[in-house]
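Breakdown of the fold
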Amino acid sequence: MAERVTLSVIKADVGSIAGHHVVHPDQLAAATKILAEAKQKGIIIDFYVTHVGDDLQLIMTHTKGPDHPDIHGLAWEAFQAAAKVARELKLYAAGQDLLSEAFSGNVRGLGPGVAELEMEERTSEPVITFHADKTEPGAFNLPLFRVFADPFNTAGLVIDPKMHSGFVFEVYDVVESSSVLLKAPEEMYDILALIGTTGRYIVRRVYRKSDNLLAAVVSVERLSLIAGRYVGKDDPVAIVRAQHGLPAVGEVLEAFAFPHLVAGWMRGSHYGPLMPVPMRYAKVTRFDGPPRLIALGWNISRGKLIGPVDLFDDVAFDEARRQAQIIADYIRRHGPFMPHRLGPEEMEYTTLPDVLERLKERFVKQEARK
Ligand code: 13P
Ligand code: 13P
Ligand code: MG
Ligand code: MG
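We now turn to the structure provided with this report. (Residues numbered from 1 in each chain as written. Chains lettered and ligands numbered in written order. Predicted model: local features only at pLDDT ≥ 70, side-chain atom pairs only at ≥ 80, totals over all residues. Heavy atoms only, no water.)

Here we look at the site of ligand 1
Around ligand 1 lies a shell formed by Gln243, His244 and Ala248. In this structure, an oxygen atom belonging to ligand 1 sits 2.6 Å away from a main-chain N or O atom of histidine 244. For ligand 1, the protein covers 37% of the area, taking 310 Å² as the surface of the free molecule. (Near = heavy atom within 4 Å. Polar contact = N/O pair within 3.5 Å; in protein donor to acceptor, adjacent residues only side chain to side chain. Areas by Shrake-Rupley, 256 points an atom, 1.4 Å probe, with all protein chains shown as cover.)

Observations concerning the coordination of the magnesium ion (ligand 3)
The protein atoms that coordinate the magnesium ion (ligand 3) are Asp13 (OD), His20 (ND1), Asp54 (OD) and Gln96 (OE1), at distances of 2.0 to 2.7 Å. Look at where the donors of the magnesium ion (ligand 3) fall in the sequence and you get D-x6-H-x33-D-x41-Q. The metal-metal distance between the magnesium ion (ligand 3) and the magnesium ion (ligand 4) is 4.5 Å, with aspartate 54 coordinating both. Within this pair, whereas aspartate 54 is found in the loop between β2 (46–52) and β3 (55–62), its partner glutamine 96 is found in the loop between α2 (69–88) and β4 (113–120), the two being separated by 42 residues in sequence. For the pair aspartate 54 and glutamine 96, one class covers both residues: buried. (Donors = N, O, S within 2.8 Å, 3.2 Å for Na, K, Ca; no water. Helix = DSSP H or I, 4+ residues; strand = E, 2+ residues; numbered from the N terminus. Buried < 20%, exposed > 50% of the residue type's maximum accessible area, 1.4 Å probe, protein only.)

Focus: the site of ligand 2
The local shell around ligand 2 consists of Asp13, His20, Asp54, Gln96, Asp133, Lys134, Asp235, Met266, Arg267, Gly268 and Asp288. Here an oxygen atom of ligand 2 sits 2.6 Å away from a polar atom, N or O, in the side chain of lysine 134. Relative to its unbound accessible area of 310 Å², ligand 2 is 92% covered by the protein chains. The biggest single contributor to the shell around ligand 2 is helix α8 (residues 265–268), with three residues. Looking at side-chain class alone, the shell around ligand 2 contains one nonpolar, three polar and seven charged residues. (Nonpolar A, V, L, I, M, F, W, Y, C, P; charged D, E, K, R; others polar.)

Observations regarding the coordination of the magnesium ion (ligand 4)
For the magnesium ion (ligand 4), the full set of protein donor atoms is Asp54 (OD), Asp55 (OD), Asp133 (OD) and Asp235 (OD), at a range of 2.0 to 2.1 Å. When the donor residues of the magnesium ion (ligand 4) are listed from N- to C-terminus, their spacing reads D-D-x77-D-x101-D.

What follows is the structure, given as structure tokens:
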């Protein structure tokens, strides 16, 4: 049997230049140095370092399986090195997501985000890694549902015999820290009843029903650490395998041609459109956004990362970007009003308790009209 390879995508915001805008090149270099040494020592097979906005992205392959201390320790070391650069350069929010390091007024940052997928390499193994900034894992709910359950998005669900029986969604409840397996198409309405609540129920994994092949993974690990109470935004990553009995790369990407509204823009407290962009636009300047997503295409070949190709670097996504601009203009005009601003229970920053405390004596009870 072929050796199993694990693709680990681990990310953290450890500081950025000029606000929560973009990772500094010296941080990328520091992380690259650590991973290059690990590759030389044979701890990992291959790696790639990049960023989306202020989130540093480590993409690694190895044979140690998910949740391996060597791999997580290596990522931690790379993040520490990049955080050290951030501190030296006095970058903004240095060490933001490394719990013990720093505090930027954002209480949600509790550690790196992780998506890991262990696979037996197929004859050809096309994979897409998605990396988002200024949003939360639930941002993948809508597009992943469309990729794996909506025949109006994915033609293969209807016409590819290998996919025709459908997919199984693992939906994770952030509050209860539990998950449920639900089948599509049979239980589509149950799936939607849950995952429409993007802040609580997250599509965590997707399996092909016919053989249980793991087709997609979304980072929710950080959220699970603090389950039991509300946990908020956490700039997410996802891994999706494609082709040959799975949705084609074009079917996967098609779901992102609709710039749907996601939570996490400005101070983690606003809704905005998720804009699919090439790597050169993976920085967020307008109102710290709008929320941004890059998609990197790979072939995994005996653990080697062949690629990436910058999949949203295509004029075919210009219209999605233009729509996102129009939606951004429209929703921005709501200023501090919902539904641009998140509901009070979901905001990362809020003055509401202070305001209520200060005004408490001035609230005058009114008799309800009969
Ligand atoms: P495969 O079944 O070989 O993945 O081909 C599907 C495809 O890419 C057509 O667009
Ligand atoms: P990040 O979560 O990307 O650090 O953004 C924080 C923020 O408040 C941006 O406005
Ligand atoms: Mg930040
Ligand atoms: Mg970020």
